[in-house]
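Chain by chain, the residues run as shown.
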Amino acid sequence: MSFIAWMIVACEIGFWIVIGLGLFTRYVLRKKKLGLFFLALTPLIDLILLIITGLDLYRGATATMAHAIAAVYIGVSIGFGKSMIQWADERFRYYYTKEGPKPIKLSGRDHSFQYLKGWGRHVLSYFIGAGLLAVVIYLINDPSRTEALFNVLRIWTIALGVDLVITISYFIWPRKKTV
């Protein structure tokens, strides 16, 4: 596995460690400001990955799938980061501290609209990640060194389309309420 692939794994682990520390500090230690500080560190992880990936390519590396996935990771982290933290916060607060309402599993139209908002986040993530990929492709200006970036961009475009079809399907066949 390449250095960049290891950095993606390290950043993902770091993302969840920082969130865990933030939630633990906020709810168990009851230090809300320190907990918020830890949660606010999550964009720093994206910045670290962006810098490491950019430096690797700047030094002349041929772009690999790992470089492309780094751009996808950054886009998804920005597009979904706040909602992922909110999701973890609600569950930690309820299941660990026994505070607040139990997280509900949405069904019907509520689930359809929630999924539509998620698709909107996917679109935002796509534009951020695809924008990063486009900038790198433009700056390198060598198709032989950026082929992997184009391939991941193609796959992600298809995935975004499939996600749209799934989103529409939830409006046609809404999710049934489970017991």
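This write-up is about the structure you can find in this document. (Residues numbered from 1 in each chain as written. Predicted model: local features only at pLDDT ≥ 70, side-chain atom pairs only at ≥ 80, totals over all residues. Heavy atoms only, no water.)

Locating Tyr-115 in the fold gives a position in helix α5 (residues 108-140). Given the relative accessible area of 26%, Tyr-115 is considered partly exposed. Setting aside residues no more than four positions away along its own chain, Tyr-115 makes contact with Asp-163, Ile-166, Thr-167 and Tyr-170. (Helix = DSSP H or I, 4+ residues; strand = E, 2+ residues; numbered from the N terminus. Buried < 20%, exposed > 50% of the residue type's maximum accessible area, 1.4 Å probe, protein only. Contact = heavy atoms within 4.5 Å.)

Take helix α6 (residues 143-172) next. Counted at 1.5 Å a residue, the expected span for α6 with its 30 residues is 44 Å, and the 42 Å between its end C-alpha atoms agrees. Of all the bends found along α6, the most pronounced is centred on Leu-149 and spans about 25°. Those residues of α6 that sit buried are Arg-145, Thr-146, Ala-148, Leu-149, Val-152, Leu-153, Trp-156, Leu-160, Asp-163, Thr-167 and Ser-169. Looking at the buried residues of α6, the elements they touch are α3 (42-58), α4 (65-95) and α5. (Expected span 1.5 Å × (residues − 1). Bend = angle between axes of the 7 residues up to and from the residue.)

A contiguous nonpolar surface patch, about 600 Å² in accessible area, is contributed by Met-1, Trp-6, Val-9, Ile-13, Ile-17 and Leu-21. Relative to the elements of secondary structure, Leu-21 occurs in helix α1 (residues 3-28). (Patch = residues over 30% accessible without salt bridge, like charges linked within 9 Å, V, L, I, M, F, W, Y side chains within 5 Å. Areas by Shrake-Rupley, 256 points an atom, 1.4 Å probe, with all protein chains shown as cover. Salt bridge = Lys/Arg side-chain N within 4 Å of Asp/Glu carboxyl O.)

We now examine the nonpolar core. Membership of the largest hydrophobic core comes to 21 residues, with the highest contact counts inside it found for Ile-19, Ile-45, Leu-49 and Tyr-73. Elements with a contribution of two residues or more to this core: α1, α2 (32-40), α3 and α4. A per-element tally of this core places α1 first, with 10 residues. Not counting the four nearest positions on each side in its chain, Tyr-73 is found in contact with Cys-11, Glu-12, Phe-15, Ile-45, Asp-46 and Leu-49. Grouped together as the second largest cluster of nonpolar side chains are 16 residues, Val-123, Ala-130, Leu-133 and Val-152 included. (Core = buried A, V, L, I, M, F, W, Y, C linked by side-chain atoms within 4.5 Å.)

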